[in-house]
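# Residue-level structure breakdown
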Amino acid sequence: MGINVSRTADLGSNEWLQRFVGRHHIAHDDEAFWNGLLNYNIVLPENSQDQLSLDSRLETLCQSFIGNNLKTGNFGSLVTVFLEKTSELLSLSDQESNMHVWQTFNALFIIRTLVKYINETGSEFQLLQHFEALPSAELVQAAVELQQQTPAESATIAIEATEQAAAAAASAPVFVDGAKFETFIDALVNLIVVIPVKEFTYHLHLEAVNMLITLLSVHLFAQQPTEKSIVFRTVFKCQHANVLMSALLHFVARMVEVPHTMFGSSSAGSIVFGIAESLLSIFTFRKQQDVLKASNAVGGELSQQFRTHYPLANQSLLLILILTNHCTAQENAYRASLFSCADSKDSPKQGTVSFQIDFSAVYETLCRIVTIDQATLLLYLLLHRNERFYRFVMQQQDLEQLVIPILQTLYNAPDSNSHHIYMSLIVLLILSEDEGFNKNVHTIMLKNITWYTERSISEISLGGILILIVIRTIQYNMLKMRDKYLHTNCLAALANMSGHFRALHPYVAQRLVSLFETLARKHTRLDAQLKEPADSAVFVNVVTTAEDMLQDLSVLEEVLRMVLEILNSCLTNQLVYCPNLVYTLLYKRSVFEGFRSHHAFQDVVQNIDMVVGFFSSRLQRVQEQRGELGVNEVLEVISKGASQWSSDRLRKFPDLKFKYVEEDAPEEFFIPYVWTLVCKYGCVHFSSESIKTVTTDIAC
């Protein structure tokens, strides 16, 4: 099948490419030329180094293209060839379309390569000029004559026509009405939505998705707001937002593995039996065997496996994030579509339904890949904004399949970026808003959690390990990140769960009280420093000002207060089910002494003191009768005492209920984050030197 283009091939000397970027027009119906140009096999770039190598080999050709295309309109001819081939695909059988798919892919790959080059070196307006550029009348006539002449005569005609038209074409402005560009966008959407994913069409679908990402990457290279971008306006006024979002989410949920060959043979039969049947085919494509070893691969390693084995799912996921996080301040049909989709197994009785998809497939896929940034971000969007999906997740009996990978991300915080940690915590906070979730996590028992290495725990509830990881994240944040909002989200999740803590493992109870103890020591130390005279040695080597220390003390007191309220909430609502927590409070009662008279804490500490006093007196009476008690005997006394305890004795506080609310102007956080993920984990590799838009702290 044509020319093999290796990663070391000299593309600058290729005669077909030289003619395409040259100074004479090539008509879209010049079949001999287009068959020659599009019959090639290329090894696609797999990383930024491969892309850099390809870019360097194409540099001279691309410069010639920029210099000549506005006069020749050859790019427009190529786009027309692509449009025709895409349209023809709908009526061909598999055998007929195999070659057709190959050439369509090759045409689209050349278009994407040139669009990428223009984005990185030019402007959006120049990009649209190249889409709409038309040849001069002289060049069109020369192209007609060229097809009718011998090679020697053809060369003479081309040179003469070029010389005659050059001056006029150079001064003639290219009128940009966007019509061809809009038609091109519609064709990409139709290709993605209508043509079923089969072994020999897989790379064509992938290239179409990559093409949309490359077009939208104009955001990275232009400093104008997206609201003024013609590319964004064209993509976002697309009338097919629902079917495109449906197809992309189905690509993600199905996670079809990349075929071993790019354009392999396929079974006989028509490629398309009409739009309705095509959509049915694309939506019911059976999942192939999973090659991801999610239990053994997390974070970056899993991201690499996902990109390598499931590039269509990976790129579709990234495109979903781009489409749903841009243009949030105005009507965004893609965003609305994702947030209003429904489970295909249900019949929604109320509300608008954009499309239906098997929520089980979406849920299972997210469980497998949620340790990668882009999957966490999609999960966040669905949980936070799609009420139907949120209710579906809350009804699942295997919540550990979703929660444990998220906890692993937090546990491996040093290996994760701050944005991923933050989004993982927000997902936990959103889950903790549901009382059913808070109850269920303490009924799901886990055994032999090998990835948790702080302590060997043979058996613990999902709720228990969740508490341990959130506490660990708070302590990590205190040492490394010092992010107030991270603290707030951690404590909010614990607070939501606290009224449902049950059967806490002894180690979980110890860590809860130890958290307060660690914070209390820090508070005492900071308070002492502030009370030292201004010329004291305490401040000699300290850069932090007194105002900063006062602010730190204020934040620390908020955190301490919240931890006390979490303990109080558990004692008020679940004391009878948490003997290990009572045991730990008795053992560590001294840590509360310095806060009994503090105005910010005394009301809550009073409740804890009352519980400690009640059980302490009972233990004292039993000890007087039996002598020293062992751990099991102490727990037995606590359990008996709990049956006689009444929470009416405690001072009443409002129930701890926190709800995640998205910050104002969320696009300031999400858009740089999304594009950083596209650069780092995507299959399209952009020139980092040309990027003008600010990205996050994740290296591309």
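The structure contained in this document is the topic of the report that follows. In this text the structure is predicted, and so the values were computed from the model without any measurement. Along each chain, the written sequence defines residue order, and numbers are assigned to residues from 1. The predicted nature of this model means local features are confined to residues of pLDDT at least 70 and side-chain atom pairs, given and counted, to a pLDDT of 80 or more, with totals for whole chains, interfaces and linings taken over all residues. By convention in this description, side-chain values take in all heavy atoms of the structure and omit both hydrogens and water.

### Section: the nonpolar core
Put simply, the rule reads: Throughout this description, the term nonpolar core refers to a set of buried Ala, Val, Leu, Ile, Met, Phe, Trp, Tyr and Cys residues connected via side-chain atoms within 4.5 Å. Only protein chains enter the area calculation, which uses a 1.4 Å probe; residues under 20% of their type maximum are buried, those over 50% are exposed, and those in between are partly exposed. Labels follow the DSSP assignment, with helices taken as runs of H or I lasting at least four residues and strands as runs of E lasting at least two, numbered in each case from the N terminus. By the convention used here, residues are in contact when the closest approach between their heavy atoms is within 4.5 Å.
Counting 232 residues, the largest nonpolar core has Leu 215 and Ile 465 as its most contacted members. Per element, the largest residue contribution to this core is 12 residues, and it comes from helix α5 (residues 94-121). Dropping the residues within four chain positions of it, Leu 215 is found in contact with Val 115, Asn 119, Leu 127, Phe 131, Phe 181, Phe 184, Ile 185, Leu 188 and Val 231.

### What to know about the side chain of His 420
By the secondary structure assignment, His 420 is in helix α22 (residues 418-432). Here His 420 is in contact with Val 370, Thr 371, Ile 372, Asp 373, Thr 376, Thr 409 and Tyr 673, once residues within four sequence places are set aside.

### Concerning the pattern of salt bridges
We apply this condition: Only one rule defines a salt bridge in this text: a Lys or Arg side-chain nitrogen within 4 Å of an Asp or Glu carboxyl oxygen.
Under the definition given, this model contains 16 salt bridges. Here Asp 55 ties to Lys 116 by a salt bridge, and the two come within 3.0 Å at their closest N and O atoms. Taken together, the residues span a long stretch of sequence, with Asp 55 in helix α3 (residues 48-72) and Lys 116 in helix α5 at a distance of 61 residues. Classification of Asp 55 by relative accessible area gives partly exposed; the value is 22%. Put simply, Glu 636 and Lys 640 hold a salt bridge, and the shortest N to O gap is 3.4 Å. Of this pair, Glu 636 and Lys 640 both sit in helix α30 (residues 631-644), 4 residues apart, which is roughly one turn of that helix. Its relative accessible area of 37% is what places Glu 636 among the partly exposed residues. We classify Lys 640 as partly exposed; its relative accessible area is 47%. Ionic contacts of the salt-bridge type, sharing partners, join the residues Asp 55, Lys 116 and Glu 120 into one network.

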